[in-house]
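# Survey of secondary and tertiary structure
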Amino acid sequence: QVQLVESGGGLVQPGGSLRLSCAASGFTFSLYTMSWYRQAPGKERELVAAITRAGGSTNYADSVQGRFTVSRDNAKNTVYLQMNSLKPEDTAIYFCHAHNRVQYWGQGTQVTVSS
């Protein structure tokens, strides 16, 4: 059974940091490109960051470039998203995504940036 389980979300003040984790099981994690998406209320889901299978290449949305860092540990079947200098506009549900010939989604974790 495929599972992507996100954790680490919560409420943080502007300028603060959070680290999201996504634990994967039920498929060969190291063969999948892993991504983080987010969806704010009333908006479409958007790609935040992605990392290739071995972690050698990453890409980011312009809005998070320089503030967020995606990484993965294939030995632990886990992908991370380090989020620094958080802004209120980063408030959203953050989803973990796995993609090869098929794709899988996590259930999401809420991130709220507010004073």
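Here's a quick rundown of the structure.

Conventions used here
- Residues numbered from 1 in each chain as written.
- Predicted model: local features only at pLDDT ≥ 70, side-chain atom pairs only at ≥ 80, totals over all residues.
- Heavy atoms only, no water.
- Disulfide = S-S within 2.5 Å.
- Helix = DSSP H or I, 4+ residues; strand = E, 2+ residues; numbered from the N terminus.
- Buried < 20%, exposed > 50% of the residue type's maximum accessible area, 1.4 Å probe, protein only.

### Details of the state of the cysteines
Going through the model one piece at a time under the given rule, you end up with 1 disulfide. Paired through a disulfide, cysteine 22 and cysteine 96 show a sulfur-sulfur distance of 2.1 Å. What sets the handedness of the cysteine 22 and cysteine 96 disulfide is the S-S torsion sign, and at about -85 degrees it is left-handed. Remark: cysteine 96 occurs in strand β9 (residues 92-99) and cysteine 22 occurs in strand β3 (residues 18-25); sequence separation between them is 74 residues. Judged on exposure class, the residue cysteine 22 and its partner cysteine 96 are both buried.

### What about unusual backbone geometry?
A positive phi angle, close to 55 degrees, is found at asparagine 77, a residue other than glycine. Mapping asparagine 77 onto the fold places it in the loop between β7 (68-73) and β8 (78-83).

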